Structure formats: C-alpha cells, structure tokens
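What the coordinates show
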Amino acid sequence: MRIDIITCLPRLLDSFFAHSILQRAQQGGYVEVVAHDLRDYTADKHRRVDDYAFGGGAGMVMQIEPIARCIRTLQADRVYDEVIYMTPDGERLNQQTTNTLSLRQNLIILCGHYKGVDERVRELFITKEISIGDYVLSGGELAACVLSDAIIRLLPGVLNDETSALTDSFQDNLLAPPVYTRPAEFEGHRIPDILLSGHEAKIDEWRHEQALERTRIRRPDLLEP
Ligand code: ADE
C-alpha cells in the first residue's frame, strides 16, 4: 500500500512515521508513506498556499491551484483508490472505514488548515471526507496520522500474533476485554482465576463475556442493530 499525504507542514509528520510499528511497517515494505509539501506546488513567489475568503470574514482559505497541481502530479504516476480530505465535517472515522481502507492500494490524504480548503477542491478532487471526532484541530495533520496508523496496523504482516489487530476493540463491534500480566497478585488484588486455569475454551468464553459486559456498560450504542 502507498499513502501520499499532502500538507503544508510535512515536518510535523516525520517523527510520527519514524517510530515503532509505523517505522517497521515501512521498513518491512508493507507500506510506503510519502509526505508532500503543498508549498512546492504554488506559483506564488512567497510560497503562499492560502488567501482571504471571498465575501469576507475571519480566517484564511487554502487555495485550489496548489492542491490541484499536487493531486494531478500524483495521479499522473498512479491510480488512487481514494482522495481523502481530513475535516471535522467529514464522516466520523470508525473501525469499519479503516478496515475498508486497509484493503486499498493507493491513497491520497489531504490535510486542511485555517478555515479549510476552497469548496471546489472538495467538489472536483475529493472522494471521501473523514473526521476523527467532534472537535476542531488546528490542522489535518494529526487526523491524517490517526487515520494512517489505524489503517497501517491492519495490513497483513505488520503486527505479529501477540498484538493481532483481530482482538482490538471495535472489531466485531465490541470493546476489548480486560487484560492482565505478571504479577498475578498485586497488593492483595488478584487476577481472575480463570486466566490461570489453562483452559483455553473457557478463557475465550470469559473474554467474550467480559467484552460484551464492558460494551454494554460503556458503549451500549455499539450493540444496537
Ligand atoms: N481537521 C481539523 N479538525 C479535524 C477533525 N476533527 N477531524 C479531521 N480533520 C480535522
């Protein structure tokens, strides 16, 4: 898979993708993540990528020309399955969307800033708009990192068995059950006996019940049809 991220702050993404699972995923050849500096695609001598909003009002708007030039340059080299715009008024990100996107070959992710992008960018180039929650970030970069992380960890081979994505919260619409590690007792607090029983089927059953119970209490909306 290849993910191209269009941003006016490419350095902001560097450290995020240079560590841990995301770094290993790239080194292992499971994913290629490339950040593109939008300022490299502007004809403006001051490398500006934004301008005042028509009609007035506070806040700058990202211009269409550099974005169009950047997306078209990328599309000249490969076919993209989706051109995603990170925006608080997009469709709320969930596990189902990340599952679906993890099956794609090539993705473009556009990060917004200021008051957002000229509406014509959305009409002409964007195929999917995603929000990571009902709050406004100062830019789409963090949101793009969240989305990329959620996708990349699902790529076959990226996680080993112990950290398997299949047992994550939200797979099967259930929260994950509680987990414990050594010591089996801490200051009088013991782990549930069943986990020491060695009875695999019973442990699986216990975990499923715990997942159901936790979901019922914390996120009953996930259990609604
Ligand atoms: N850009 C700013 N806020 C955002 C959000 N909540 N989700 C996605 N992109 C954003």
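The protein chain has the name tRNA (guanine-N(1)-)-methyltransferase in an unreviewed UniProt entry, where Spirosoma linguale is given as its organism. If you open the UniProt record of the protein chain and go to Sequence similarities (unreviewed entry), you find "Belongs to the RNA methyltransferase TrmD family." One UniProt comment on the protein chain, placed under Subcellular location (unreviewed entry), says "Cytoplasm".

A closer look at the environment of Phe-16
On the secondary structure map, Phe-16 appears in helix α1 (residues 10-17). C-alpha of Phe-16 to C-alpha of Val-121: the two residues are 105 residues apart in sequence and 27 Å apart in space. Setting aside chain neighbours within four positions, we find Phe-16 in contact with Leu-22, Cys-145 and Asp-149.

Here we look at the packing of α1 against helix α6 (residues 141-152)
Interaxial distance between α1 and α6 falls to 10 Å at its minimum, and their mutual angle equals 30°. By the angle between their axes, α1 is roughly parallel relative to α6. Of the two elements, α1 crosses α6, and the hand of that crossing is right-handed. Where α1 abuts α6, its residues Leu-12, Leu-13, Phe-16 and Phe-17 lie against Glu-141, Cys-145, Ser-148, Asp-149 and Ile-152. Classifying every residue of the contact of α1 with α6 gives six nonpolar, one polar and two charged.

Focus on the UniProt feature "binding site: S-adenosyl-L-methionine" (unreviewed entry) in the protein chain
Sites flagged by UniProt as "binding site: S-adenosyl-L-methionine" (unreviewed entry) map to Gly-112, Ile-132, Gly-133, Asp-134, Tyr-135, Val-136 and Leu-137. Considering only the residues just annotated, the second largest pocket is lined by Gly-112, Ile-132, Gly-133, Tyr-135, Val-136 and Leu-137. By secondary structure assignment, the location of Gly-112 is in the loop between β6 (106-111) and α5 (119-124). Gly-112 has contacts with Met-62, Tyr-85, Met-86, Gly-139, Gly-140 and Glu-141, leaving out every residue within four places of it along the chain. Along the chain, Val-136 turns up in the loop between β7 (128-131) and α6. On the basis of relative accessibility, which here comes to 70%, the residue Val-136 falls in the exposed class.

Let's talk about α1
Regarding α1, the residues found buried are Pro-10, Leu-13 and Phe-17. The buried residues of α1 occupy one face: seen down the axis, they fall within an arc of 60°. Seen from the open side of α1, the exposed residues pointing more than 90 degrees away from its buried face are Arg-11 and Leu-12. Close packing links the buried residues of α1 with β1 (2-7), α2 (20-27), β2 (32-37) and α6.

Brief notes about a nonpolar patch on the surface
A contiguous nonpolar patch, built from Tyr-135, Leu-137 and Leu-142 and spanning about 290 Å² of accessible area, is present on the exposed surface. Take Leu-137: it is sitting in the loop between β7 and α6. The partly exposed category is assigned to Leu-137, whose relative accessible area is 32%.

As for the layout of surface pockets
One number sums up the size of the largest pocket: a volume of about 630 Å³. Considering the residues around the largest pocket, the lining is formed by 26 residues, among which Thr-167, Pro-177, Pro-178, Val-179 and Arg-207 are closest to the centre. Contributing to the lining of the second largest pocket are 24 residues, with Met-86, Thr-87, Pro-88, Val-136 and Leu-137 lying nearest its centre. Among the secondary structure elements, those contributing two or more residues to the lining of the second largest pocket are β5 (82-92), α5 and β7. At five residues, the largest contribution of residues to the lining of the second largest pocket is made by β5. Grouping the constituent residues of the lining of the second largest pocket by class yields 11 nonpolar, nine polar and four charged.

With respect to unusual backbone geometry
A cis geometry characterises the amide bond from Arg-182 onward to Pro-183, with omega recorded as 5°. Tracing the chain through its elements places Pro-183 in the loop between α6 and β8 (185-186). Phi angles above zero are rare outside glycine, and Ser-20 is one such case at about 55°. Take Ser-20: its relative accessible area is 47%, and that puts it in the partly exposed class.

Definitions and limits used
Residues numbered from 1 in each chain as written. Predicted model: local features only at pLDDT ≥ 70, side-chain atom pairs only at ≥ 80, totals over all residues. Heavy atoms only, no water. UniProt positions renumbered as here; feature names shortened; annotations may be inferred. Helix = DSSP H or I, 4+ residues; strand = E, 2+ residues; numbered from the N terminus. Contact = heavy atoms within 4.5 Å. Axes fitted to C-alpha atoms, helices over the stretch in contact; angles between N-to-C directions. Parallel < 35°, antiparallel > 145°, perpendicular 65-115°, else oblique. Left-handed = near helix turned anticlockwise from the far one by under 90°. Nonpolar A, V, L, I, M, F, W, Y, C, P; charged D, E, K, R; others polar. 1 Å grid on protein atoms, 1.4 Å probe; cavity = no way out; pocket = protein on both sides within 12 Å on 5 of 7 lines; lining within 4 Å. Buried < 20%, exposed > 50% of the residue type's maximum accessible area, 1.4 Å probe, protein only. Arc of directions from axis to C-beta. Patch = residues over 30% accessible without salt bridge, like charges linked within 9 Å, V, L, I, M, F, W, Y side chains within 5 Å. Areas by Shrake-Rupley, 256 points an atom, 1.4 Å probe, with all protein chains shown as cover. Salt bridge = Lys/Arg side-chain N within 4 Å of Asp/Glu carboxyl O. Points joined across faces, edges and corners; volume = space filled by probe spheres on them.

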